[in-house]
Amino acid sequence: MDDFGYSQLAEEALSTFDEIASTANSKFNALTHASTDSFAAGNTLTGAAAYQKLRGIQQVEREALQKLCEEPAILRVVLQDDADNHRVIYIARTSNLPLSSGKEFASYRSPIGRIAEIPPGDEVSITLKGQEHLYWVIEKTSFKPTIDSSIWDSRPSQYRHYDRGAYSIESLRALLQAEDSGDSDELDRLLEQAEAQVGIVKGISHQLRTAMGLRDQPILDQFQGEIFRLPLNTQLIILGPPGTGKTTTLIKRLGQKLDLESLDTEERRLSETSNTQRPHQNSWLMFTPSELLKHYLKEAFSREHVPASDTQIRTWISFRNDIARNTLGILRTANGGKFTLKVGQSLVLPAVVEEASAWFDKFRVFHELRLRKQFKDGVVIVSTAALASDQKVVQKIKQVFDIKKERPLIEIYRTLDSLEDSFKKALADSKAIADDLLKRERNRLYNADKEVFQRLAKHLEAGQQDYEQDEEELFDDDETDERASPSLSAIQGAVQAYLSSLKALARSKYLKRSIPKKSRSGSVIRFLGESIPNDEVLKEIGRHISFQNGLRRFIQSHKRYVMDVIASYQQFRKDRSVLAEFYSHEDISTSQISGIELDAIILLMLKNARQLMRQSFVLKSLDEPRYNYLSNIGEIFRNQIMVDEATDFSMVELACMESLTSLASESFFVCGDFNQRITTTGIRRREQLEWVSSLLSVRTVQIVYRQSRKLNAFTGELLRLQGGDLSSLGQVFEDSNHEGVDPVLREWASDVDASHWIAERIMEVERSVKQLPTIAVLVNSEKEVKPTAECLTHYLEGVNLRAVACEEGKALGEGADVRVFDIQHIKGLEFEAVFFAGIDTLAKDNPELFDRYLYVGATRAATYLGLVCGEGLPHELSSLRPMLKADWS
């Protein structure tokens with residue numbers, strides 16, 4: 001290393017660790033004392049909110065300092081300028097502080113942290129104090145700091161030089177100890193120096209996987225780094241093979257974009273002007289396909305100093321069902337809702353699942369046409385029923401809709417918003433007259449029969465059912481009127497039902513229409529029989545109710561653009577031509593809905609809400625009660641939405657997730673691999689991404705950091721066999737010295753033989769690497785998980801090991817457990833060794849996804865892969881036989 005050898009590197013690095021940790025510890029203690037003093041003074045300060053904010057800031061500072069005490073630095077980089085001056089900069093994972101020695105120290109998240117990603121030999125431009133400087137990266141050393149009895153070490157370290165190449169250093173402390181042994185016996189000194197040299201290996205060595213969790217990659221490569229640092233308001237999908245650091249890049253990006261100190265001026269503005277109801281640091285969601293992967297990712301979030309709760313890392317199904325019940329009013333609850341979700345049931349054709357765009361677009365158009373028809377009918381009804389005193393209102397309405405060219409609904413809503421006050425006055429005047437007439441009829445009926453409403457209550461209770469909805473009746477009442485509220489008593493409910501039915505009957509009489517026989521009003525009218533008012537009274541009431549019915553279509557009509565999507569879907573699915581084109585059944589219950597249908601309703605509601613919330617006439621009044629429905633939807637928006645394993649989600653699901661981004665940031669970052677899609681519902685083609693969002697761009701990564709060269713070659717052949725996307729073929733990073741071993745195969749094995757053979761291979765792995773690494777055994781179904789674990793434990797208990805059944809993908813096991821999973825739950829996980837039991841059975845039982853499951857299973861392994869067949873190797877894989885061995889001995 002010229003005049004600066006490995007030992008000098010070790011000495012400088014370890015002393016810098018100590019300086020950073022000591023400085024951080026001193027600041028931590030000072031901050032703790034200051035916090036105690038401010039707490040004591042807090043009672044005398046005005047403004048509890050300001051005090052709480054101060055405590056929050058201090059807590060963040062304490063956590064950052066504590067992190068530096070535990071992990072002082074992750075990289076040392078040497079730069080050279082045009083004048084051959086050298087500059088040494090140390091990089092920490094998430095934060096930094098000034099050092100009394102004057103050594104340069106920066107956070108990886110900061111703009112200068114980008115130098116950590118530049119390979120030695122390349123140039124990098126750095127802006128310092130407003131001036132741009134050009135440097136050449138000479139060398140980089142990455143660290144994994146450890147401390148024992150107040151003595152720092154880095155185990156291991158990776159050294160890269162533009163000319164000398166790459167080396168792995170087992171221990172920096174060992175290098176120093178060998179150098180410092182000058183006064184000892186000459187033979188001892190030679191032995192120590194030889195041991196230290198053994199700890200320096202050409203190339204980058206593989207780090208054995210001994211614990212569950214996402215592989216730690218403190219520094220991203222140059223391509224990942226460009227993605228990680230893209231502006232906050234970016235929409236991007238990262239595509240690439242397994243083990244390329246896609247998920248790691250997502251998590252690091254999230255950490256940087258949550259750190260306000262790391263944001264540029266424009267990003268800070270976007271975070272502050274967001275329409276979400278949460279502080280920027282909490283305004284994010286990451287979606288994963290499984291609960292298992294959610295728990296697996298938590299440690300990675302912790303390493304990046306990102307607090308991640310179960311409310312922020314979610315499965316789509318859990319989040320979707322939550323907002324469908326509690327925010328959007330789609331799914332039934334004790335307080336309302338329209339639909340019951342049928343889990344695991346598909347009501348649409350398979351072709352709709354594969355390509356949902358035509359189906360969704362037809363539904364969107366149907367909803368818009370339905371709303372336009374409501375307006376058109378409203379103009380006719382208002383014109384027919386208006387009194388002489390209401391003619392000015394009628395003229396205003398006609399002027400809005402008297403334009404030959406059809407106007408966008410949003411423009412109509414903007415115009416109607418400016419006219420609503422005059423409409424509301426006319427409505428109130430008409431309602432006062434009608435309410436008086438209705439009250440007289442109610443009292444007349446009660447005075448003639450004191451028990452009538454009690455009998456009606458029993459009639460309604462006995463006949464509880466899914467009544468046919470009368471579209472016209474929805475406009476007979478204001479939304480604030482109590483309609484079948486759960487808080488009403490039976491008698492109150494009966495009176496309300498009577499009044500609603502009387503309004504419907506009177507309106508129908510006046511407009512010369514009929515009430516739907518299967519509606520609730522139809523049932524009530526038949527119950528009343530001859531007790532209904534005479535035709536003259538009905539027509540008098542009917543004129544006022546008809547006028548109100550027509551007028552209400554033009555008051556707060558924007559709300560129906562969003563909230564009436566639910567009713568529109570009910571009507572859409574009744575259309576015979578629609579049923580024939582898109583659905584697998586014609587006799588679908590009006591109250592039942594499948595998952596993809598629920599996603600479509602949510603998507604259209606979110607898209608329409610977002611469109612309204614961008615309008616100036618809405619923005620200026622968003623805090624008013626009439627826009628509560630939009631405020632409620634705005635509460636589920638987030639400044640950052642991230643999706644892991646995106647290709648396991650459908651195009652409609654991904655579009656829903658994109659529609660959860662805040663209107664200011666629209667930040668949507670996802671990653672996936674089309675070759676790893678293991679669901680029949682997952683997105684299939686890049687072209688479908690354009691439908692998800694026109695803003696979504698694609699970046700590909702191909703450098704693999706997980707697998708050995710031999711396993712990467714094997715999985716590459718798997719990909720070719722299945723006709724996968726070869727543009728996503730992985731390439732092991734250039735400096736890797738991890739050759740690995742050939743995969744192994746056992747054929748014609750019974751269940752017992754298979755378990756015995758796998759147990760022998762597990763012991764072979766442990767003997768080879770001197771400790772037990774992470775090991776997964778994959779089976780074809782949930783029912784095989786527990787029996788396989790029990791059988792394996794029988795063969796492993798002699799070496800004090802056990803196999804744990806990770807049932808339903810809800811458990812990760814502990815410590816040195818051998819983990820047994822159903823193959824469908826292991827997406828996104830990684831292990832040192834993977835055994836796949838019964839691949840021939842999988843080929844027979846699931847031919848559509850067999851090759852994908854095998855590819856996903858094989859790419860979970862870093863070094864060791866074992867395949868077991870109950871009979872022979874499936875003929876589809878026969879060309880792989882030369883790459884498969886019997887064992888690793």
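Residues numbered from 1 in each chain as written. Predicted model: local features only at pLDDT ≥ 70, side-chain atom pairs only at ≥ 80, totals over all residues. Heavy atoms only, no water.

Moving on, we come to the pairing of strand 11 (residues 235–239). Counting buried residues along strand 11, five of its five residues qualify, which places the element largely inside the surrounding structure. Of the two faces of strand 11, the one holding Gln235, Ile237 and Leu239 and the one holding Leu236 and Ile238 are both buried throughout. Judged from the four bridges that link them, strand 11 and strand 18 (residues 697–700) form a sheet pairing that is parallel. Residue pairing for strand 18: Ile237 is matched across the bridge by Val698. (Buried < 20%, exposed > 50% of the residue type's maximum accessible area, 1.4 Å probe, protein only. Helix = DSSP H or I, 4+ residues; strand = E, 2+ residues; numbered from the N terminus. Pairing = 2+ DSSP bridges.)

Between its first and last C-alpha atoms helix 26 (residues 709–721) spans 19 Å; for 13 residues at 1.5 Å apiece the expected length is 18 Å, and the two agree. When we look at burial in helix 26, the residues that qualify are Leu711, Asn712, Phe714, Thr715, Gly716, Leu718 and Leu719. On its buried side, helix 26 packs onto strand 19 (703–704), strand 20 (731–732), helix 30 (850–858) and strand 26 (861–868). Just downstream of helix 26 lies Gly723, where phi reads positive at about 70°. (Expected span 1.5 Å × (residues − 1). Contact = heavy atoms within 4.5 Å.)

Attention now goes to helix 27 (residues 751–769). Compared with an ideal rise of 1.5 Å per residue, which puts 19 residues at 27 Å, helix 27 spans 27 Å between its outermost C-alpha atoms and is within 8% of the ideal. Every buried residue of helix 27 is listed here: Ala754, Ser755, Trp757, Ile758, Ala759, Arg761, Ile762, Glu764 and Val765. Along its buried surface, helix 27 packs onto strand 21 (744–746), strand 22 (775–779), helix 28 (785–796), strand 24 (818–822), strand 25 (831–837) and strand 26. Looking one or two places after helix 27, you find Lys770, whose phi comes out positive at around 75°.

Tallied over the entire structure, the rule returns 28 aromatic pairs. Judged by centre distance (6.3 Å) and plane angle (70°), the ring pair of Tyr6 and Tyr167 falls under edge-to-face. Of this pair, Tyr6 sits in helix 1 (residues 6–42) while Tyr167 sits in strand 9 (residues 165–169), and the two are 161 residues apart along the sequence. Seen in terms of ring centroids, Phe401 and Phe554 are 5.5 Å apart; in terms of plane orientation they differ by 55°. Their pairing is tilted. Of the two residues, Phe401 is situated in helix 12 (residues 391–401) and Phe554 in the loop between helix 17 (535–552) and helix 18 (557–563); the sequence distance between them amounts to 153 residues. We classify Phe554 as buried; its relative accessible area is 0%. One aromatic cluster in this structure is built from Phe339, Phe363, Phe366, Tyr569 and Phe572. The ring of Phe669 carries Arg253 above its face, with NZ or CZ at 3.8 Å from the centroid. We note Arg610 situated over the ring of Phe637; from NZ or CZ to the ring centre the distance is 5.2 Å. (Phe/Tyr/Trp six-rings, centres within 6.5 Å; stacked < 30°, edge-to-face > 60°. Lys NZ or Arg CZ within 6 Å of the ring centre and 35° of its normal.)

What follows covers the nonpolar core. Ranked by size, the top nonpolar core spans 96 residues in total, and within it Ile330, Trp359, Leu551, Tyr583, Leu612 and Leu630 carry the most contacts. With twelve residues, the top contributor of residues to this core is helix 21 (residues 595–613). Once you skip the residues sitting within four places of it in the chain, Trp359 turns out to touch Val348, Val352, Tyr569, Phe572, Phe582, Tyr583, Ile596, Glu597 and Ala600. Counting residues in hydrophobic clusters, the runner-up holds 59 residues, among them Met212, Ile238, Ile313 and Phe821. (Core = buried A, V, L, I, M, F, W, Y, C linked by side-chain atoms within 4.5 Å.)

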